[in-house]
Structures are given as C-alpha cells and as structure tokens.
Amino acid sequence: MLSPRILHFTSQRTYWECDSLFCAEGFDDSGGSIRRLLSFHDNDQGPMASTTPEGWFDLVDQYSQCGLTFDKDKLIAISGLVNRVGQFTNVGYAAGLWEDCVHRGLLWCPQQKPLRSLANLKLPSWSWAGYSGAIQHLQIYYFEPSPDMRLRSTSPGSTIIETSILRTPNSGLTLGALQTKDPNPPCSELRWQTRYRKLYDGEGVNIGWVSFDRDWEGDHSLQNISWVVVAKNPDWDLISPDKWSFCVLLVKPSILGDTCQRSGIGMIFGGNGWLRNSEIRPVILV
C-alpha cells in the first residue's frame, strides 16, 4: 500500500522516510514514520491484532495540518491506512473514529487557530474530519472511558453516538481569556499550543478548562452548553472521587433536546460533586 522508501520534497527541505527512519537532510530525526506510528508488530514476533494502535491519534494530528486541494478528499486520502488498521484489528470504524477508543477519538481540540466547519461534507459534528485546521488529541493514556458511550450505524453512511448528557446549571461558571500559546498549560494532557480558556466556579476558583472548536478573540459564552462525560481519571485519589478529573464533550442540544451537536471539549478538576448535581439523561450525538 505504501512505498518502502519515500522522498518528500518541500519548499525548504527534503525528507527521507522508510520503515525505520523519518529524517530531514543531514539526518535530523523528525519523528516517527507512518509505519512506526501504525505499528502492528511487537519485536517482530508477529501481528498484534487487538486494538487500534496508539500512533493513530498522532497520525491524525499530523494529517490535520496538511492542506488538501479538495476538502471532499479528507477521509478518502487516508482510506488505505484505515483499511490496513481494520485488517489487523477487526474494529469498527466510522467518520474518523474507531469503536474500541471512541473516548480518545472524541477528545480533540484546535491548535493555535480556530477550526472551519466543512459543512458540505455532511459529516457528524463529532468527527475531526468535518473541520479544516490543525487539531490535537488529548494525551489521556490512563483515563477510563465512559461505559455508556457507543457508536451505532443508523443507515449506510450514517453513524451516531449514543451516550448520556449532563444538563448542568451554568449560571455560576465563567470563562477566562483565550489562550493560544500558553507555555504552562493547566494539565499534562493539554499541549502548550492548544487553544483554550480556563473555567472558574462562582467563587472564582479554577476548576478546569474548555476548548471550543470555533473560538475567536473576545468573550465566549457557556449559554445553552451541556456536558457529556467522556472519560475520567481516578488515579489522583482512589478514596475520594471528589478529586477525580473528568474529560467532557461540550454540546448544544437541539430544540427538541433529543439530539446534540459538538461544540468543543474540556476537563473538570475534582468535579465529581459538581457533576453529581446535574440532570442525567440519554442523548444522541449527531
């Protein structure tokens, strides 16, 4: 499917890629090759056909920085890699997400610039492929996924996510200024070049952060925003759930309230007590 050796010619440098190396002129190692990112072998002892490779998320982050001539080719251009992953793992796939790691696939956010919606592609709002612009996935290696979240095909070419929504009162919550190049992000899962805003409770205490998919300079409101818990990290304090961290998906419910569309993501620090006071009900993400 991929050539064993590739030369990449760019406007400034030439890059070499093979099974064991990806480097620029002068042998400056520039990171992992596609083959290493999507490795299915453990010490050459045979295929590991169990789960989606961790390198998939790094690959998508790199791919989102590429400029395609036609937006409609965004998923088509990586369909060969998708087929290869599927052959080894036999895991379901839809619109850029793998069924065995839906929580990881949902937790992406824009880098330094806001995203542009590619509405003409008619992809789900939760799919990274439905937007133009550089993204990055949160590094949540040790977070536990929400147990009630799953992909479901409703018709050929159409997929939804079934989960539970938290309709949280937002009257006491406020947002900080937009950050784009913070050298000290509020948590290790958030990289420094992420576009985000700190989240404060009614007493002015920082309880987390949020990142909207299309956030511009100026004020941004939490009005009409609901929360979906995607993953949690209980490792900080196994005895007291009030100190757990929660990764959330920011969504906007439809007028009837039976479906929601993605608006961004966030993380709540020690938010078990705050989230516990929310109304919980089933919802469909479209």
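Small disclaimer: the values here were computed from a predicted structure and weren't measured.

With that settled, consider the environment of glutamine 193. In this structure, glutamine 193 sits in the loop between strand 14 (174-175) and strand 15 (197-200). For glutamine 193, the residues in contact, after removing those within four places along its chain, are Gln111, Gln112, Gln136 and Thr180.

So, on to the pattern of salt bridges. Enumeration over the complete set of coordinates arrives at five salt bridges. Between aspartate 71 and arginine 116 there is a salt bridge; the shortest N-O distance is 3.8 Å. Of the two residues, aspartate 71 is situated in the loop between helix 2 (55-63) and helix 3 (79-89) and arginine 116 in strand 8 (residues 116-117); the sequence distance between them amounts to 45 residues. The class for aspartate 71 is partly exposed, based on a relative accessible area of 26%.

What follows concerns the packing of aromatic side chains. Each aromatic ring pair is described using two quantities: the centre-to-centre distance and the angle formed by the ring planes. Applying the stated rule across the entire model yields five aromatic pairs. Judged by centre distance (6.4 Å) and plane angle (75 degrees), the rings of tyrosine 196 and tryptophan 209 are edge-to-face. One end of the pair, tyrosine 196, is in the loop between strand 14 and strand 15; the other, tryptophan 209, is in strand 16 (residues 206-212), with 13 residues separating them in the sequence. Of the residues examined, tyrosine 196 reaches a relative accessible area of 1% and is grouped as buried. Lying over the aromatic face of phenylalanine 70, lysine 72 brings its terminal NZ or CZ to 5.3 Å of the ring centre.

What counts and what doesn't
- Residues numbered from 1 in each chain as written.
- Predicted model: local features only at pLDDT ≥ 70, side-chain atom pairs only at ≥ 80, totals over all residues.
- Heavy atoms only, no water.
- Helix = DSSP H or I, 4+ residues; strand = E, 2+ residues; numbered from the N terminus.
- Contact = heavy atoms within 4.5 Å.
- Salt bridge = Lys/Arg side-chain N within 4 Å of Asp/Glu carboxyl O.
- Buried < 20%, exposed > 50% of the residue type's maximum accessible area, 1.4 Å probe, protein only.
- Phe/Tyr/Trp six-rings, centres within 6.5 Å; stacked < 30°, edge-to-face > 60°.
- Lys NZ or Arg CZ within 6 Å of the ring centre and 35° of its normal.

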